[in-house]
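# A look at the structure
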Amino acid sequence: MLAVAVLAAGKGTRMKSALPKVLQPLAGATLVERVLASCRHLAPERQLLIVGHQAERVERSLSSVPGLEFVLQQPQNGTGHAVQQLLKPLAGFEGELLVLNGDVPLLRPETLESLLTTHRESGAAVTLLSARLADPSGYGRVFADASGQVSGIVEHRDCDAQQLRNDLTNAGIYCFDWARLAAVLPSLSSDNDQGELYLTDTVALLRPAMHLEVGDPDEVAGINDRLQLAQCEAVLQDRLRRHWMAEGVSFTDPGSCTLSEHTRFGRDVLVEPQCHFRGATSIGDGCRIGPGCLIENSHLDDGVEVIHSVLRDSSVATGCVIGPFAQLRAGTHLAAGCRIGNFVEVKNSRLGEGCKANHLSYLGDADLGADVNVGAGTITANFDGVRKHRTVIGSNSKTGANSVLVAPITLGAGVTVGAGSTLTRNVPAGALALGRARQLVKENWNAGAQQQQGVAG
Ligand code: UD1
Ligand code: CA
């Protein structure tokens, strides 16, 4: 039987943040979500999360994870104290306990699998992951012999000058035989620089204790401050870009683009510099994105082109061309072949196939049929100061430049709206609607001035 415990009760003082450390986001997922994901494939019988600092907030963020048990650690008196809280919920449990630090988010599932296999094969009381780091400062140091037997772990701040020269560091990831750990947990003491109970002290009490050194030290990077958060983000972004390049996506300047864990791409997508994909975004085959786009929680079908634009919570059907400098806000749905041009904002609107809004427009809370031509500067006035109203425009209609459609309003199919019109009433299919002052021309209005000019000239 396997139980997994994730330590997530600490405050994360060094982050200097109102957000609990384990809820800091990293490429579209929180630290703790990533840690939980790294062990999911092991299908543990029990999954426990130790919470303390802002416990409710951490619990709420994970309320949809099936089978996760929350264990409260109050106050937070160190990692050993955190694991002591498991004595009750795991009373009578037989098997291995995998302990994961909630702030070590880059672990690969394969690494945990080999930790578990190594542990089971050696029959050790504890097996821990270690790494040789170029800069081991801040990490606990692992003291081990050539056969991999660990005599103990000393925290950086408790090391003497000689011990600090040891670059074999503790990753904060352990596989324990639960019964043997449970027997030594009550004997931990707080005789150290921080005055806390250290989980690492159990290692010297358990025999045999083994370590498994990871090949890629990036995997066991712990996050204590914003610099380490940024470094982990960079590692994850690099992993994500490499993954998608291997799947057939071209990046002209990969380092300038960022992806989310939940971004998906089809084949032969070209991503130009400075493009950012967030949330659950999917990009179809053959799309050309960028330069300069932000696309969040949106779905693009095949063959869409987007340049210098922002798209959020929207869907775009095949063959649409967007930008430069367009904004699609939440609830925008474009049918195939639409064209949204510069300085056009669309919100909570459906556009039928082949619609064009090429210049300087706002379409909010609107439903457009197919092949509507939205003239430059057309505005849907959707807000009366209290409520939002809808604008409906039938297929094959054309709005003239600078027209204002005051919602609620419905224009039938094949309507033409004269330039500069402000429409407040519905227009039947096939009609021409003009809502503007008639042009007045007064001839010879400036006759006197002309004569004077003539004299002067
Ligand atoms: C810990 C290890 C260190 C290791 C490093 C790897 C100890 C004593 N030290 O140090 O050997 O090199 O991780 O990253 O374990 N937490 C609780 N309750 C507490 C205190 C902490 O749940 O009372 C949680 C934190 O939320 C965090 C994790 O335990 O997720 C690690 O705590 P942290 O204070 O960051 O330990 P480090 O000093 O990094
Ligand atoms: Ca840490």
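Residues numbered from 1 in each chain as written. Chains lettered and ligands numbered in written order. Predicted model: local features only at pLDDT ≥ 70, side-chain atom pairs only at ≥ 80, totals over all residues. Heavy atoms only, no water.

## Some details on the overall build of the protein chain
Condition: Secondary structure elements follow DSSP: runs of H or I no shorter than four residues count as helices, runs of E no shorter than two count as strands, and numbering proceeds from the N terminus. Radius of gyration: C-alpha atoms only; globule rule: 2.2 Å multiplied by the number of residues to the exponent 0.38. Accessible areas in this description were obtained via Shrake-Rupley with a 1.4 Å probe; residue shielding takes into account the shown protein chains only. In this tally Asp and Glu are treated as negative and Lys and Arg as positive; neither His nor the chain ends contributes. Throughout, a charge is located at the NZ atom of Lys, the CZ atom of Arg, the CG atom of Asp or the CD atom of Glu.
Helix and strand counts for the protein chain stand at 8 helices and 38 strands. The C-alpha atoms of the protein chain give 32 Å as radius of gyration, which overshoots the globular expectation for 457 residues (23 Å, by more than 25%). Along the longest, intermediate and shortest principal axes, the C-alpha atoms of the protein chain span 105 × 55 × 40 Å. Carbon and sulfur atoms make up 50% of the accessible area of the protein chain, which amounts to about 21100 Å² in all. The averaged location of the 47 negative side-chain charges in the protein chain is 10 Å from the averaged location of its 40 positive side-chain charges.

## So, the site of ligand 1
Quick reminder of the rule: The criterion for a residue being near a molecule or strand is simple. One of its heavy atoms has to lie within 4 Å of it. What qualifies as a polar contact is a pair of N or O atoms within 3.5 Å, subject to a donor-acceptor requirement within protein and to the restriction that residues adjacent in sequence count only when both atoms come from side chains. Each residue receives one of three labels: charged for Asp, Glu, Lys and Arg, nonpolar for Ala, Val, Leu, Ile, Met, Phe, Trp, Tyr, Cys and Pro, and polar for the others, Gly being one of them.
Taken together, 24 residues surround ligand 1, and among them Q73, G78, T79, E155 and N170 come closest. The separation between an oxygen atom of ligand 1 and a polar main-chain atom of L7 is 2.8 Å. At 2.7 Å from an oxygen atom of ligand 1 is found a side-chain nitrogen or oxygen belonging to T79. For ligand 1, whose accessible area on its own is 760 Å², the fraction buried by protein is 91%. For the shell around ligand 1, the secondary-structure elements that each account for two or more residues are β1 (2–8), α3 (79–84) and β10 (168–177). Broken down by class, the residue content of the shell around ligand 1 amounts to 8 nonpolar, 12 polar and 4 charged.

## Details of the coordination of the calcium ion (ligand 2)
The condition is simple: Only nitrogen, oxygen and sulfur atoms count as donors, using a 2.8 Å cut-off from the metal that widens to 3.2 Å for Na, K and Ca. Water is left out, so coordination shells may look unfilled. For each residue, the accessible area found with a 1.4 Å probe, counting protein chains only, is set against the maximum for its type, and the residue is called buried under 20%, exposed over 50%, and partly exposed in between.
Around the calcium ion (ligand 2), the donor atoms from the protein are D103 (OD) and N224 (OD1), and they sit 2.3 to 2.4 Å away. Placement of D103 in the loop between β6 (96–101) and α4 (109–122) and of N224 in the loop between β11 (209–213) and α7 (226–246) is noted, with a sequence separation of 121 residues between them. Residue D103 is classed as buried on the basis of its relative accessible area of 12%. Looking at N224, the relative accessible area reads 18%, which means it is buried.

## Digging into the domain arrangement of the protein chain
Note on interface size: it is often stated as the accessible area lost on association of the parts. The line we're drawing: Domain ranges listed in this record stem from an automatic or a database domain assignment. The contact criterion used is simple: two residues touch if any of their non-hydrogen atoms lie within 4.5 Å. The quantity reported as buried area is the accessible area (1.4 Å probe) lost by two parts once they are put together, taken as the sum for both. One speaks of a salt bridge when a side-chain nitrogen belonging to Lys or Arg is within 4 Å of a carboxyl oxygen belonging to Asp or Glu.
As far as domains go, the protein chain holds domain 1 (2–225) and domain 2 (227–433). Taking only C-alpha atoms, the centre of domain 1 and the centre of domain 2 are 45 Å apart. Taken together, the 17 residues of domain 1 in the interface contact 14 residues of domain 2. Across the interface of domain 1 and domain 2, roughly 1300 Å² is buried in total on both sides, 58% from carbon and sulfur atoms. Counting the surface domain 1 buries against domain 2, the share from its top three residues, A27, L106 and D225, is 41%. The tally of links from domain 1 across to domain 2 stands at 1 salt bridge. R34 is paired through a salt bridge with E261; the nearest N and O atoms lie 2.9 Å apart. Summed over the shared surface of domain 1 and domain 2, the result is 8 residue pairs in polar contact (both at pLDDT 80 or more). Of all elements in the fold, only β2 (25–26) and α1 (31–39) reach the threshold of two or more residues within the side of domain 1 that touches domain 2. Residues that form the side of domain 1 that touches domain 2 fall into these classes: 8 nonpolar, 4 polar and 5 charged.

## Points about unusual backbone geometry
The peptide bond linking R207 to P208 adopts the cis configuration, its omega dihedral lying at -10°. Summarising the element assignment, P208 is placed in the loop between α6 (178–184) and β11. You will see that N444, though not glycine, has its phi angle at about 60°, which is positive. Residue position: N444 is located in the loop between β38 (432–433) and α8 (447–456).

## Brief notes about a nonpolar patch on the surface
Spelled out, the test is: Each patch is built from residues that are more than 30% exposed by relative accessible area and take part in no salt bridge. Like charges join if they lie within 9 Å; nonpolar side chains (Val, Leu, Ile, Met, Phe, Trp, Tyr) join within 5 Å.
On the surface, a cluster of nonpolar side chains totalling about 330 Å² of accessible area is made up of F325, F343 and L360. By the secondary structure assignment, F343 is in strand β26 (residues 339–347). We classify F343 as exposed; its relative accessible area is 52%.

## Observations concerning the pairing of β1
How we decide: The pairing criterion is simple: DSSP has to find at least two bridges between the two strands.
β1 sits mainly inside the fold: 7 of its 7 residues count as buried. Burial of β1 is two-sided: the residues L2, V4, V6 and A8 facing one way and the residues A3, A5 and L7 facing the other way are all buried. The pairing of β1 with β6 spans 6 bridges and is classified as parallel. Within the sheet, the bridge partner assigned to A5 lies in β6 and is V99. Relative to strand β4 (residues 46–51), β1 is paired through 6 bridges, and the arrangement is parallel. Bridged to V4 within β4 is Q47.

## Remarks on the packing of aromatic side chains
Note the threshold: Here a Phe, Tyr or Trp ring, Trp counted by its six-membered ring, pairs with any other such ring whose centre lies within 6.5 Å, and the pair is stacked when the planes are under 30 degrees apart, edge-to-face when over 60, and tilted otherwise.
Scanning the entire structure with this criterion turns up 5 aromatic pairs. Each ring, one from W244 and one from F265, has its centre 5.5 Å from the other, and the planes form 65°; the classification is edge-to-face. Of this pair, W244 sits in helix α7 while F265 sits in strand β13 (residues 264–265), and the two are 21 residues apart along the sequence. F265 matches W244 in its accessibility class, with the two residues each being buried. With centroids separated by 5.1 Å and ring planes inclined at 80°, the aromatic side chains of F265 and F277 adopt a geometry described as edge-to-face. Taken together, the residues F265 in strand β13 and F277 in strand β15 (residues 275–278) connect sequence positions 12 residues apart.

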